[in-house]
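Chain and residue survey
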Amino acid sequence: MTDENTPSLEDQHDDELYEHYAFTAVKGQTPLRIDKYLMNFIENATRNKIQEAAKNGSIYVNDVPVKSNYKVKPFDVIRVLFEHPPYEYLLTPEDIPLNIVYEDDDLLVVNKEAGMVVHPGHGNYSGTLINALIYHFENLPNNSSNRPGLVHRIDKDTSGLLVIAKTEAAMAHLSKQFFDKTSEREYVALVWGNMEEDEGTIEGHIGRHPKNRLQNTVFLDDDEEKGKPAVTHFKVMERLGYVTLVSCKLETGRTHQIRVHMKHIGHTLFNDSRYGGEKILKGTTFSKYKQFVENCFKILPRQALHAKTLGFEHPTTGEFMSFDSEVPQDMVACIEKWRHYAKHKDMEIEEE
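What follows concerns the overall build of the chain. The secondary structure content of the chain amounts to seven helices and 17 strands. Burial statistics for the chain: of 352 residues in total, 47% are counted as buried. As presented, the chain carries roughly 18400 Å² of accessible surface, and 47% of it is formed by carbon and sulfur atoms.

What follows is the structure, encoded as structure tokens:
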């Protein structure tokens, strides 16, 4: 319960506070403590940190500060405000090595390691690709989100190729190619299950999950307007029993697109903890098999996804440029283990 005598946001000099998060509870929201609610929506948040923020008067519901035991109700407008701006706007150059596979006066292509966040955000304010870029390069152009150099992005635990713009003209030209779907991107993924079709196309509008904003989901039919159009083309590269190695080509570039689309068709990415792939989704009940899978998880402690190829038209020369990268060692080792398992075990592939 809030105190009726507690001053509203307007009375507390709202212009001196910066909004870090904002959520609106859905129509079907059941009563839930706000500290538990926010843990489902804020990445890297701990309950202690949320409770501390509430204690300091930083969590507001319908413009009134609340304590951590406040029960969230349908349509509550929740805001987390602090006296300092979000750290993602406070960019600090950091001397972090970059794996640059190509560079000229207009752009560079980087092969990002798994584990590196592309741009600063909630919970990741240093050690990002942008922190490295602004150390190594001056006057990078901002994209529409005021992020220097970034034309596109890949997830923290996804490895692979990214193109970075070094001039305003290159930023505009490259961004238009991604918008117009004329760029080419191919990913390699290891997914749970034996895919029935050798190749196919997944279509389904993608948007934020209504109950967990750290996830995206597919919206179909009457709910399509809740998401944005997304198209993924896939092709089976190798069948490895209870998992399948696939190539995915993106026609669109939605957040978590391959991860969401693959889960949607029943083939969640191997060890994708955000979407449930860190559980044993296919296979036997034998303890030896369970140990085998857990060993694979240790070898590849992330989702099995690599941005392998990248193609685009050079913004100045007009030449179409293609780049290819090796699948990183952690994925290779995991695939090899599955290959060996599939070859030496008499397995009956489960039906989807």
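In this section: the pattern of salt bridges. Applying the stated criterion across every chain yields a total of 15 salt bridges. Here arginine 239 makes a salt bridge to aspartate 198, at a shortest N to O gap of 2.6 Å. Placement of arginine 239 in strand E14 (residues 231-239) and of aspartate 198 in the loop between strand E10 (184-192) and strand E11 (199-203) is noted, with a sequence separation of 41 residues between them. Two residues, aspartate 272 and arginine 259, come together in a salt bridge whose shortest N-O distance is 2.7 Å. Residue aspartate 272 is found in the loop between helix H5 (257-264) and helix H6 (287-299), and its partner arginine 259 is found in helix H5; the two are separated by 13 residues along the sequence. When sorted by exposure, aspartate 272 lands in the same class as arginine 259, which is buried.

Mapped onto the fold, arginine 185 is located in strand E10. There is no salt bridge for the buried arginine 185, and the closest opposite charge comes from glutamate 184, which lies 9.8 Å off by N-O distance. Excluding anything up to four places from it in sequence, arginine 185 contacts His152, Phe178, Cys248, Lys249, Leu250, Thr252, Gly253, Thr309 and Leu310.

This paragraph deals with H5. Extensive coverage of H5 is indicated by the burial of six of its eight residues. Buried residues of H5: Gln257, Ile258, Arg259, Val260, His261 and Met262, and no others. Taken from the residues just after H5, glycine 266 is the one with a positive phi, measuring 85°.

Okay, the packing of aromatic side chains next. When we look at a pair of aromatic rings, we describe it by the centre distance and by the angle of the planes. Scanning the model with the defined rule gives 16 aromatic pairs in all. Ring geometry for tyrosine 242 versus tyrosine 289: centroids 5.3 Å apart, planes at 75°, classification edge-to-face. On the criterion of sequence distance, the pair formed by tyrosine 242 in the loop between E14 and strand E15 (243-250) and tyrosine 289 in helix H6 is long-range, its members being 47 residues apart. Pair check on accessibility: tyrosine 242 and tyrosine 289 agree, each one buried. Between tyrosine 289 and phenylalanine 292, the aromatic rings sit 6.4 Å apart at their centres with planes inclined by 35°, giving tilted as the arrangement. With a gap of three residues between them, tyrosine 289 and phenylalanine 292 both fall in helix H6, about one helical turn apart. For the pair formed by tyrosine 289 and phenylalanine 292, the shared burial category is buried. Clustering of aromatic rings is evident, with ring pairs tying together Trp192, Tyr242, Phe270, Tyr289, Phe292, Phe297, Trp338 and Tyr341.

Conventions adopted
Residues numbered from 1 in each chain as written. Predicted model: local features only at pLDDT ≥ 70, side-chain atom pairs only at ≥ 80, totals over all residues. Heavy atoms only, no water. Helix = DSSP H or I, 4+ residues; strand = E, 2+ residues; numbered from the N terminus. Buried < 20%, exposed > 50% of the residue type's maximum accessible area, 1.4 Å probe, protein only. Areas by Shrake-Rupley, 256 points an atom, 1.4 Å probe, with all protein chains shown as cover. Salt bridge = Lys/Arg side-chain N within 4 Å of Asp/Glu carboxyl O. Lys, Arg positive; Asp, Glu negative; His and termini not counted. Contact = heavy atoms within 4.5 Å. Phe/Tyr/Trp six-rings, centres within 6.5 Å; stacked < 30°, edge-to-face > 60°.

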